[in-house]
Amino acid sequence: MGEFIRVNIDPERCLGAKECGKCIQVCPVNIFAPRGADCPHALDENEDECTLCDLCLAECETNAITIHKLYEE
Ligand code: SF4
Ligand code: SF4
């Protein structure tokens, strides 16, 4: 996880990178990486680059993504 931001993807809700993959396409700082056809995962080393733009949240139709501001927790 990042030091300031943690991006979680719920595999129970995610449609998978093959069927959806929108988060991978929209994130401007490449936080989401495909894992074959399955649910993408967040790249630890990129998480702190998150700009909190919410593009991924807007695109994810199953609300599988949550973004945690570790500095506020
Ligand atoms: S946008 Fe949501 S449903 Fe689509 S691949 Fe990403 S996490 Fe899964
Ligand atoms: S909020 Fe923006 S920068 Fe952060 S993970 Fe989502 S798309 Fe990427």
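As shown above, the structure is provided for reference.
Report on the accompanying structure. Given the structure is predicted, the values throughout are model-derived calculations rather than measurements. (Residues numbered from 1 in each chain as written. Chains lettered and ligands numbered in written order. Predicted model: local features only at pLDDT ≥ 70, side-chain atom pairs only at ≥ 80, totals over all residues. Heavy atoms only, no water.)

Side note on the overall build of the chain
So, step 1. Assigned secondary structure in the chain consists of two helices and four strands.
So, step 2. When the helices and strands of the chain are listed from N to C terminus, the series reads β-α-β-β-α-β.
So, step 3. A compact globule built from 73 residues would reach a C-alpha radius of gyration of about 11 Å, and the chain, at 11 Å, matches this within 12%.
So, step 4. Projecting the C-alpha coordinates of the chain onto the three principal axes gives extents of approximately 35 × 20 × 20 Å.
So, step 5. Looking at the 73 residues of the chain, the share that counts as buried comes to 33%. (Helix = DSSP H or I, 4+ residues; strand = E, 2+ residues; numbered from the N terminus. Rg over C-alpha atoms; globule rule 2.2 N^0.38 Å. Buried < 20%, exposed > 50% of the residue type's maximum accessible area, 1.4 Å probe, protein only.)

Brief notes about the site of ligand 2
So, step 1. Taken together, Cys27, Pro28, Val29, Ile31, Phe32, Cys50, Thr51, Leu52, Cys53, Asp54, Cys56 and Ile67 make up the full set of residues adjacent to ligand 2.
So, step 2. Considering only residue class, the shell around ligand 2 consists of ten nonpolar, one polar and one charged. (Near = heavy atom within 4 Å. Nonpolar A, V, L, I, M, F, W, Y, C, P; charged D, E, K, R; others polar.)

Notes on the environment of Pro28
So, step 1. Summarising the element assignment, Pro28 is placed in the loop between helix H1 (22–26) and strand S2 (32–35).
So, step 2. When neighbours within four sequence positions are excluded, Pro28 is seen to be in contact with Thr51, Cys53 and Leu55. (Contact = heavy atoms within 4.5 Å.)

Examining the pairing of strand S3 (residues 38–42)
So, step 1. In this sheet, S3 lies alongside S2 in antiparallel orientation, the contact comprising three bridges. Across the sheet, residue Ala33 finds its bridge partner in S3, namely His41.
So, step 2. Counted along the chain from S2 to the antiparallel partner S3, the turn is two residues long, and its residue Gly36 has a positive phi close to 65°. (Pairing = 2+ DSSP bridges.)

A short note on the nonpolar core
As a rule of thumb, nonpolar side chains are buried together in soluble globular proteins.
So, step 1. Counting residues in each nonpolar core, the largest one holds 15 residues, and the members touching the most others are Val7, Ile9, Ile31, Phe32 and Ile65.
So, step 2. Among the elements of the structure, strand S1 (5–9) and S3 are those that each provide at least two residues to this core.
So, step 3. If one sorts the elements of this core by residue count, S1 sits on top with three residues.
So, step 4. Setting aside its immediate chain neighbours within four residues, Val7 contacts Ile31, Phe32, Ala42, Glu47, Ile65, Thr66 and Ile67. (Core = buried A, V, L, I, M, F, W, Y, C linked by side-chain atoms within 4.5 Å.)

As for the environment of Pro34
So, step 1. Relative to the assigned elements, Pro34 resides in strand S2.
So, step 2. On a C-alpha basis, the gap between Pro34 and Asn46 in space is 14 Å, while along the polypeptide they are twelve residues apart.
So, step 3. Apart from the residues within four sequence positions on either side, Pro34 is in contact with Ala17, Ile24, Pro40 and His41.

Purely geometric stuff here, so don't read any function into it on its own.
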